[in-house]
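# A look at the structure
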Amino acid sequence: MQGQETAAVVGAGFSGLSTARFLASKGCPTSLLEEHGRVGFPKHCTGIVSQDTLEAIGEPAIRCYLHRYDAIVVEGSRGNSFTVEKRGIAHILDRVCLEEELLREAHTQGADYRPHTRVESVDDRGDRVRLGYRGKMGQGLQEYSYVVLATGSRSPAIHPLLAQKRPPTIPGVNHVVQGEHGQDPHTIRVIFDHSLAPGFFAWLVPLSPDTMIAGLASSTPGGLRRGLRRLLEEKLPPGISLMEAYGGPVNRGPPLSILAAKRVLLTGDAGVLVKPVTGGGLYPVAHITNPKGEEKGEGCAGAFALLRKRTLRMAARLRLHYRVARLLHEPRNQGLIDRAIEEAAKARLGEVIGQRMGFDDHHLLARTVMARPLLALKLAIIAGPRALSLLVG
Ligand SMILES: Cc1cc2nc3c(=O)[nH]c(=O)nc-3n(C[C@H](O)[C@H](O)[C@H](O)COP(=O)(O)OP(=O)(O)OC[C@H]3O[C@@H](n4cnc5c(N)ncnc54)[C@H](O)[C@@H]3O)c2cc1C
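Here the focus is the site of the ligand. Residues in contact with the ligand amount to 41 residues; listed here are only the nearest, Gly11, Gly13, Gly152, Gly268 and Gly281. Among the elements of the structure, helix H1 (14-25), strand E3 (48-49), strand E7 (117-123), strand E11 (170-178), strand E15 (241-250) and helix H6 (282-288) are those that each provide at least two residues to the shell around the ligand. In terms of residue count, the dominant contributor to the shell around the ligand is E15 (four residues). For the shell around the ligand, a count of residues per class yields 17 nonpolar, 20 polar and four charged. Looking at the shell around the ligand, you find at least three residues from each of domain 1 (7-42 + 96-167 + 253-318) and domain 2 (48-52 + 65-92 + 169-250).

Structure (structure tokens):
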């Protein structure tokens, strides 16, 4: 391999798998190194994506498709709500299946998958990147032209990019429950009530008339357990039983300030490349690694340059999302959130959002509100100067 350009992707979660598939599809000899033995585990993600993200992921998403949503009800803490309606506004994917299918595609494209391989050091001084690894077969050192670190939110600081100060994550949990829940099976409910889900929100995502994912994230110790109990008792009818529970750290942004060095790139949760409002990590990486993008980027150098360009562009967009997230995730803004939801319902904002914004376009919320001058004025009056951070986005 002397002289031949190569790439390594560290971490085989959704981000690493998508990146390895992308690099290999561009003709770059790619190794995918993963410390665990099986992709898709431990399970942590709900798997909700927009239509655009589903298309960007492509075939693996279609093969792992579970259910479609046509409405999202946004609730506050006083039972107040507004509804955003659009056929196919969101979809849910089987996340374990998705990672297995992405691995299969990466493999088909020629990527070399190495499970049970933990990367312990990344040295990019000079014109090659040296990875120090330890695996079942012992330890070693291997050189690559380019390295993408997709090591998730618990990334060890194996490279200076990963040693940057990270915004804190908060624990999130999903309970799959069974029983007649009474919610329309094509409607998602999201509940912005900081007494229930401090620092985030709770969600009720039906899979059928008698199965549902009930989940939340919470920034206070013990908040997760208390919040879940209340969510099940207060928002669902009696007789619902627990089938499965899983969860993990939720990122609320913003992306890390520096995401790229000359030959090393961060992606996914490792770079905090998530939608800050929802913690959704599939959208950013699906678009960064969309094989159908119109830009050229063949071979390792071209493909790495393209990934780098798209990553930085996506990070800039997610930093705009973060302005909205900061406002929504701050418990002392509960009064503002409740009144904003009431005003949004009166102004039928849900219809406008359904027409103008996609599920992933949180940065367009301000522009959408501004298109209703009366609503924008009312919100500015309710919130005072703090509303500006939302409205100028
Ligand atoms: C409760 C919950 C619900 C969520 N719901 C949604 C949702 O509905 N929609 C959505 O878009 N997003 C959702 N997310 C977020 C989404 O799951 C994550 O953003 C996404 O899975 C992150 O993928 P990743 O590949 O970046 O990281 P990870 O999945 O964490 O993968 C990192 C991989 O790197 C490996 N690794 C780490 N260090 C090393 C090393 N040194 N050497 C080798 N391997 C290493 C790990 O073993 C792991 O396999 C949710 C998250 C949570 C917690």
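Considered domain by domain, the protein is made up of domain 1 (7-42 + 96-167 + 253-318), domain 2 (48-52 + 65-92 + 169-250) and domain 3 (326-391). Contact with domain 1, which involves five residues of that partner, is made by seven residues of domain 2. A per-class count over the side of domain 1 that touches domain 2 returns two nonpolar, two polar and one charged.

Now for the sheet that holds strand E10 (residues 146-149). Through backbone hydrogen bonds, the strands of a sheet pair up, either in parallel or in antiparallel fashion. Pairing within the open sheet is parallel, and its five strands lie in the order E6-E2-E1-E10-E16. Taken across any chain shown, the strands that pair with only one partner, and hence form the sheet edges, are strand E6 (112-114) and strand E16 (264-266). Neighbour to neighbour, the strand axes of the sheet diverge by 15 degrees on average, direction disregarded. Relative to E6, strand E2 (residues 30-33) runs parallel, the two sharing three bridges.

So, on to helix H5 (residues 223-235). Between its first and last C-alpha atoms H5 spans 17 Å; for 13 residues at 1.5 Å apiece the expected length is 18 Å, and the two agree. Within H5 the residues assigned to the buried category are Gly223, Leu224, Gly227, Leu228 and Leu231. Down the axis, H5 shows its buried residues gathered within 120 degrees of arc, on one side only. In H5, the exposed residues that point more than 90 degrees away from the buried face are Arg225, Arg229, Glu233 and Glu234. Where H5 is buried, its residues touch E11, strand E13 (202-208) and strand E14 (211-217).

Read from one edge to the other, the open sheet built from three strands follows the order E7-E8-E9, with strand pairing classed as antiparallel. Two strands lie at the open edges of the sheet, namely E7 and strand E9 (138-144), each paired on one side alone. Each strand axis lies, on average, 25 degrees off the axis of its neighbour in the sheet, ignoring direction. Inspection of the sheet shows strand E8 (residues 129-135) paired to E9 by seven bridges, in the antiparallel sense. By the bridge assignment, Gly132 is partnered in E9 with Leu141.

Turning to the nonpolar core, a few remarks are in order. Ranked by size, the top nonpolar core spans 110 residues in total, and within it Ala7, Val9, Val147, Leu149 and Leu216 carry the most contacts. If one sorts the elements of this core by residue count, helix H7 (residues 299-328) sits on top with 13 residues. In contact with Val9, other than residues within four places in its own chain, are Gly16, Thr19, Ala20, Leu23, Thr30, Leu32, Val148 and Ala150.

Here the residue pair Phe41 and Pro42 is connected by a cis peptide bond, since its omega of -5 degrees sits within 30 degrees of zero. With respect to the helices and strands, Pro42 occurs in the loop between E2 and E3. Here Gly253 and Pro254 are connected by a cis peptide whose omega angle stands at -5 degrees. Relative to the helices and strands, Pro254 resides in the loop between E15 and E16. Non-glycine residue His116 carries a positive phi angle of around 55 degrees. Mapped onto the elements, His116 comes out in the loop between E6 and E7. Judged by local crowding, His116 falls into the partly exposed class, with 14 C-beta atoms found within 10 Å. In this structure, Val272 takes a positive phi of about 55 degrees despite not being glycine. With respect to the element layout, Val272 can be found in the loop between E16 and H6.

Running from N to C, H1 and helix H4 (residues 95-108) point in directions that differ by 20 degrees, and their axes come no closer than 9 Å. Comparing their axes, H4 and H1 come out roughly parallel. For the pair H1 and H4, the crossing hand works out as left-handed. Along the contact surface, H1 presents Phe14, Leu17, Ser18, Ala20, Arg21 and Ala24, while H4 presents Leu98, Glu99, Leu102, Leu103, Glu105 and Ala106. The residue inventory of the contact of H1 with H4, partitioned by class, reads eight nonpolar, one polar and three charged.

Looking along a regular strand, one sees side chains alternate from face to face of the sheet. For E14, the tally of buried residues reaches six of seven residues, placing the bulk of the element in the interior. Alignment of E11 against E14, held across seven bridges, turns out to be antiparallel. The residue of E14 that forms the bridge with His175 is Ala214. Examined bridge by bridge, E13 and E14 share six bridges and lie antiparallel to one another. Within the sheet, the bridge partner assigned to Leu204 lies in E14 and is Ala214. Hairpin connection between E13 and E14: a loop of two residues separates the two successive antiparallel strands.

Each value, and the rule that gives it
Residues numbered from 1 in each chain as written. Predicted model: local features only at pLDDT ≥ 70, side-chain atom pairs only at ≥ 80, totals over all residues. Near = placed C-beta within 6 Å. Helix = DSSP H or I, 4+ residues; strand = E, 2+ residues; numbered from the N terminus. Nonpolar A, V, L, I, M, F, W, Y, C, P; charged D, E, K, R; others polar. Domains from an automatic or database assignment. Contact = placed C-beta atoms within 7 Å. Pairing = 2+ DSSP bridges. Axes fitted to C-alpha atoms, helices over the stretch in contact; angles between N-to-C directions. Expected span 1.5 Å × (residues − 1). Buried ≥ 20, exposed ≤ 12 C-beta atoms within 10 Å, placed from the backbone. Arc of directions from axis to C-beta. Core = buried A, V, L, I, M, F, W, Y, C linked by C-beta atoms within 7 Å. Parallel < 35°, antiparallel > 145°, perpendicular 65-115°, else oblique. Left-handed = near helix turned anticlockwise from the far one by under 90°.

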